[in-house]
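# Structural features, examined
Here is how the chains run, residue by residue.
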Amino acid sequence: MPELHAAPVSELPSSRSLLRSTVIALAVAMVLLATVVLPAEYGVDPTGVGRLLGLTEMGEIKVALAREAATADSVEAAAGQAASRVPPAAGPVAPPPATVPAASPGPVAATTAGTETPANSHVTEIVLRPNEGKEIKLAMRKDARVTYSWSTDRGVVNYDTHADAPGISYHGYAKGSAKATDDGVLVAAFDGMHGWFWRNRGREPVTVTLRTNGNYQELKRM
């Protein structure tokens, strides 16, 4: 069996060398933390080097995405709680007994309900800076219809078409990412505020032009 020999004491690093190596390692770690880790992960750039390297913007996007994900989770949780509080549907109701129809009194002039919402039409522009989000909502009655279209002057945006009302924090219609245009008909699921949220994930400002036409009381920039 080969014999094991301890290294001579002269070959072992001295305490001063070990201390110096430790201090150097800590200094390098602190520099990397300030110039790379904090900007890239949290968007914090105390030295300015992270922005020069393009890391600060990366960190800001990560933080913004994390906030959006947290907001979406809270909205979904609220929606789930609201759904759990909805009472079960009542059982089938027996139809009323058949009756003999009365004689027709003759033709009657058609009338329009006094509560019908008059048609409105708007062309609205909003400017989104990089990573900025904005929202436009329409005050609509249940079952009201609005024809809409929106487009960007350059690039693409992320969007979320949704609604809210007292007691309803979020009701989604549609959402998408990296879109330059969208159009369709928005039918209100309930009395409340119905509309669009856009966010610009690009590096240049984007102008979104929204055209709306239909039955709504007012248009609001949220």
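Residues numbered from 1 in each chain as written. Predicted model: local features only at pLDDT ≥ 70, side-chain atom pairs only at ≥ 80, totals over all residues. Heavy atoms only, no water.

## Remarks on the overall build of the chain
Summing up its helical and strand segments, the chain has 3 helices and 9 strands in all. Reading the helices (α) and strands (β) of the chain from amino to carboxyl end gives α-α-α-β-β-β-β-β-β-β-β-β. Within the chain, counting contacts between residues at least 6 apart in sequence, those at least 24 apart form 72% of the total. Just so you have it, the chain exposes about 15200 Å², and 61% of that area is on carbon and sulfur atoms. (Helix = DSSP H or I, 4+ residues; strand = E, 2+ residues; numbered from the N terminus. Contact = heavy atoms within 4.5 Å. Areas by Shrake-Rupley, 256 points an atom, 1.4 Å probe, with all protein chains shown as cover.)

## Topic: the sheet that holds strand β6 (residues 181–187)
Strand order in the open sheet formed by 4 strands is β1-β8-β3-β6, and the pairing between neighbours is antiparallel. Every interior strand has two partners, whereas the edge strands, β1 (119–128) and β6, have only one. In this sheet, adjacent strand axes meet at a mean angle of 15° when their direction is disregarded. In this sheet, strand β8 (residues 206–215) lies alongside strand β3 (residues 145–152) in antiparallel orientation, the contact comprising 7 bridges. In the sheet register, T152 faces β8, and the bridge partner there is V208. (Pairing = 2+ DSSP bridges. Axes fitted to C-alpha atoms, helices over the stretch in contact; angles between N-to-C directions.)

## Description of the pattern of salt bridges
Taken as a whole and assessed by the stated rule, the structure comprises 8 salt bridges. The shortest N-O distance in the salt bridge between D143 and K142 comes to 3.5 Å. Between K175 and D160 there is a salt bridge, and its shortest N-O distance comes to 3.9 Å. Of this pair, K175 sits in strand β5 (residues 168–179) while D160 sits in strand β4 (residues 157–165), placing them 15 residues apart in sequence. (Salt bridge = Lys/Arg side-chain N within 4 Å of Asp/Glu carboxyl O.)

## With respect to helix α1 (residues 15–42)
Where α1 bends most, at L33, the angle is about 45°. Every buried residue of α1 is accounted for by A34, T35, P39 and A40. In the segment just after α1, G43 is the residue with positive phi, at about 70°. (Bend = angle between axes of the 7 residues up to and from the residue. Buried < 20%, exposed > 50% of the residue type's maximum accessible area, 1.4 Å probe, protein only.)

## Side note on a nonpolar patch on the surface
Together, I24, V28, M30, L32, L33, V36, V37, Y42 and V44 make up a nonpolar patch on the protein surface, roughly 790 Å² of accessible area in all. Structurally, L32 is set in helix α1. A residue is classified by how much of its surface remains accessible, and L32, at 44% relative accessible area, is partly exposed. (Patch = residues over 30% accessible without salt bridge, like charges linked within 9 Å, V, L, I, M, F, W, Y side chains within 5 Å.)

## As for the side chain of E132
Its location among the elements puts E132 in the loop between β1 and β2 (133–140). Residue classification places E132 among the buried residues on the basis of a relative accessible area of 16%. Of note is the side chain of E132, whose polar atom sits 2.8 Å from the backbone nitrogen of R129. E132 has contacts with V127, W198, R199 and N200, leaving out every residue within four places of it along the chain. (Polar contact = N/O pair within 3.5 Å; in protein donor to acceptor, adjacent residues only side chain to side chain.)

## Description of the sheet that holds β5
Judged by pairing direction, the sheet is antiparallel, and its 5 strands sit side by side in the order β5-β4-β7-β2-β9 without closing on themselves. Edge positions in the open sheet fall to β5 and β9 (218–221), since each of these has one partner strand only. Along the sheet, successive strands turn relative to each other by an average axial angle of 15°, direction set aside. In terms of strand pairing, β2 meets β9 through 4 bridges, oriented antiparallel. Bridge assignment links I136 to a residue of β9, and that residue is R221.

## What about the confidence of the model for the chain?
On average, residues of the chain score 79 in pLDDT, and 72% of them reach the 70 mark or higher. With pLDDT under 50 throughout, residues 86–94 is counted as low confidence; its partners more than four residues away or in other chains account for 0 contacts. Note on residues 96–115: pLDDT under 50 across the span, and 0 contacts to partners over four residues away in sequence or across chains. (pLDDT = per-residue confidence, 0-100.)

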